[in-house]
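Spelled out from the first residue to the last, the chains are:
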Amino acid sequence: MGMDGRNWETFLLPYEQTVEELKVKFKTMRSELKKREEYAPIEFVTGRVKRITSILEKAERLDVPLDNLEEGIEDIAGIRIMCQFVEDIRRVAEYIRARKDLTVLYEKDYITNYKESGYRSFHMIIRYPVQTALEQKIVLAEIQIRTLAMNFWATIEHSLNYKYRGGLPGDMRLRLQKSAQAASVLDSEMSSIREEILDAQKLFEDDANIVSTLLKTIHRLYAYHLVAEAVAYQAKFGELFQARDFEGMKQMMAEIKAIIASKHEEDPEEYEG
Ligand SMILES: Nc1nc2c(ncn2[C@@H]2O[C@H](COP(=O)(O)OP(=O)(O)OP(=O)(O)O)[C@@H](O)[C@H]2O)c(=O)[nH]1
Ligand SMILES: Nc1ncnc2c1ncn2[C@@H]1O[C@H](COP(=O)(O)OP(=O)(O)OP(=O)(O)O)[C@@H](O)[C@H]1O
């Protein structure tokens, strides 16, 4: 007996539950990663159950018999994960592959191989065990992972395609391809800016480290009874810090280390420990 005779409402129930559960899980992943590493590779998460008309149209287009919708249509349950940067997409995919509550059936990388329309996204088709009131069912679901720029483009393109019912005029298609290119450039630009921001943060971290190790090194001079030197270096440090002269601090560090090393040579026994 075909799908037509069955109850759509109960057919869609496990998919609705799947979408709700996956949304919660990925939103939780977002907040957890944000707490752990001060930066979340996930910007936001959406999900939807495919509408009946859209399921029927797709079944017709892909020649899927109505009694095989569960296996034939892979995106009845769909989740979408938006990221700020292209690099985040790989990370999120890694986290998904490592999960124990789902299995990845296959992946489609439309970022390396974007579609002719200009569409870019990373797709994962998963098997998800969902516990209903009566039984455990394993359903297929689609996870789309994309940047904000990819999502912007795909949203506009989707609505235009819907408006023209797939028959986009040639010039429109060309302009969409061009804007997909522009979105891709935008993603690359943002990635390189991100690298620079991370470098700047690292530099700041390094400078902060120089200050603390230099102050500790100056303090060690007291252990070698070099009180006058310690006081002089402390004063010089004050000047260097005022000028934020980190190169000067590195030189000072080298000088003090040389002094300490020569003291060691004079009398290695005295200063151990
Ligand atoms: N906006 C937009 N979305 C797309 C495009 N191509 C694919 N998608 C999205 O990605 C999903 C999966 O597409 P595909 O990987 O091509 O797989 P499919 O479902 O077998 O094929 P089609 O639905 O026939 O494209 C679609 O259901 C859309 O949500 C595109 O050109 N533009
Ligand atoms: N995996 C997904 N997660 C969240 N939203 C999605 C997902 N896939 C599609 N959508 C959105 O659901 C709405 C309805 O899309 P629909 O499922 O009818 O078509 P589609 O997935 O774009 O195309 P197709 O029928 O070819 O699979 C659109 O706004 C679409 O952007």
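Position numbers for residues start from 1 in each chain and track the written sequence from start to end. Numbering of ligands from 1 and lettering of chains from A proceed in the order in which they are written. Reporting of local features is limited, given that this is a predicted model, to residues whose pLDDT is at least 70; pairs of side-chain atoms are given and counted only at 80 or more, and all residues count toward the totals for whole chains, interfaces and linings. Think of the side-chain values as coming from all heavy atoms in the structure, minus any hydrogens and water.

- An unreviewed UniProt entry annotates the protein as GTP pyrophosphokinase of Saccharibacillus endophyticus.
- Among the UniProt annotations of the protein, the heading Pathway (unreviewed entry) holds the following wording: "Purine metabolism; ppGpp biosynthesis; ppGpp from GTP: step 1/2." UniProt positions are given in the numbering used here, feature names are shortened, and annotations may be inferred rather than shown by experiment.

### Side note on the domain arrangement of the protein
- As far as domains go, the protein holds domain 1 (3-168) and domain 2 (170-273).
- For each domain, the first and last residues come from an automatic or database assignment. Using C-alpha coordinates to define each centre, domain 1 is positioned 45 Å away from domain 2.
- Residue contacts are defined here by distance: any two heavy atoms, one from each residue, within 4.5 Å place the two residues in contact. At the junction of the two partners, domain 1 supplies 20 residues and domain 2 supplies 15 residues.
- Accessible-area loss on putting two parts together, using a 1.4 Å probe and summing over both, is the definition of buried area adopted here. Of the roughly 1400 Å² buried at the junction of domain 1 and domain 2 (both faces included), carbon and sulfur atoms supply 58%.
- Looking only at domain 1, the three residues that lose the most surface to domain 2 are Phe 85, Trp 153 and Leu 168, adding up to 37% of its buried area.
- When a carboxyl oxygen of Asp or Glu is within 4 Å of a side-chain nitrogen of Lys or Arg, the pair counts as a salt bridge. Taken together, domain 1 and domain 2 are joined by one salt bridge.
- Residue Arg 120 is joined to Asp 187 by a salt bridge in which the shortest nitrogen-to-oxygen separation is 3.0 Å.
- Polar contact is the term for a pair of N or O atoms within 3.5 Å; when the atoms are in protein, one must be able to donate a hydrogen and the other to accept it, and sequence-neighboring residues count only if both atoms are side-chain atoms. Between domain 1 and domain 2 we count six residue pairs in polar contact (both at pLDDT 80 or more) in total.
- We count a stretch as a helix when DSSP gives it H or I for four or more residues in a row; a strand needs E for two or more, and each element gets its number in order from the N terminus. Looking at the side of domain 1 that touches domain 2 element by element, the count peaks at five residues for helix α5 (residues 148-163).
- Residues of the side of domain 1 that touches domain 2, tallied by class, amount to ten nonpolar, five polar and five charged. For this classification, the nonpolar set comprises Ala, Val, Leu, Ile, Met, Phe, Trp, Tyr, Cys and Pro, the charged set comprises Asp, Glu, Lys and Arg, and every other residue, Gly included, is treated as polar.

### Examining the site of ligand 2
- Of all residues adjacent to ligand 2, which total 14 residues, the nearest are Arg 48, Lys 50, Ser 54, Lys 58 and His 158.
- Taking Lys 50, its side chain carries an N or O atom lying 2.8 Å from an oxygen atom of ligand 2.
- Within the side chain of Arg 61, an N or O atom sits 2.9 Å from an oxygen atom of ligand 2.
- Where accessible areas are quoted, they stem from the Shrake-Rupley method and a 1.4 Å probe; at the residue level, only the protein chains shown are allowed to cover. In isolation ligand 2 exposes 600 Å². Once the protein is present, 70% of that is buried.
- A breakdown of the residues in the shell around ligand 2 according to their chemical character gives one nonpolar, six polar and seven charged. Any residue with a heavy atom positioned within 4 Å of a molecule or strand is treated as near that molecule or strand.

### Comments concerning the sheet that holds strand β2 (residues 77-83)
- Read across the sheet, five strands follow the order β1-β2-β5-β4-β3 without closing on themselves; strand pairing throughout is mixed. Taken across any chain shown, the strands that pair with only one partner, and hence form the sheet edges, are β1 (44-49) and β3 (103-109). Each strand of the sheet is rotated relative to its neighbour by a mean of 25°, with strand direction disregarded.
- At least two DSSP bridges between two strands are needed for those strands to be called paired. With ten bridges joining them, strand β4 (residues 122-131) and strand β5 (residues 136-147) adopt antiparallel strand pairing. Bridge pairing links Met 124 to Ile 143 in β5.
- The convention used is that axes are lines fitted to C-alpha atoms, helices contributing only their stretch in contact, and that angles between N-to-C directions extend from 0 to 180 degrees. On the sheet, helix α4 (residues 86-97) packs against β2, β3, β4 and β5 and is oriented at approximately 165° with respect to β5.

### Here we look at unusual backbone geometry
- Despite not being glycine, His 225 shows a phi value in the positive range, around 60°.
- Buried, partly exposed and exposed residues are distinguished by accessible area as a fraction of the type maximum, computed with a 1.4 Å probe on protein chains only: under 20%, between the cut-offs, and over 50%, respectively. Here His 225 falls in the exposed class, since its relative accessible area comes to 57%.
- Not every positive phi belongs to a glycine, and Arg 244 is a case in point at roughly 50°.

### Looking at the site of ligand 1
- As a structural note, the neighbourhood of ligand 1 is formed by 14 residues, with Lys 58, Arg 61, Tyr 110, Lys 115 and Ser 117 the closest of them.
- With respect to ligand 1, the side chain of Ser 117 contributes an N or O atom lying 2.7 Å from an oxygen atom.
- In the environment of ligand 1, an oxygen atom lies 3.1 Å from a nitrogen or oxygen atom belonging to the side chain of Gln 144.
- Across the complex, the protein chains shield 75% of the 590 Å² of accessible surface that ligand 1 would expose by itself.
- Among the secondary structure elements, those contributing two or more residues to the shell around ligand 1 are α2 (52-62), β5 and α5.
- The element contributing the most residues to the shell around ligand 1 is α5, with three residues.
- Among the residues making up the shell around ligand 1, the classes are represented as three nonpolar, four polar and seven charged.

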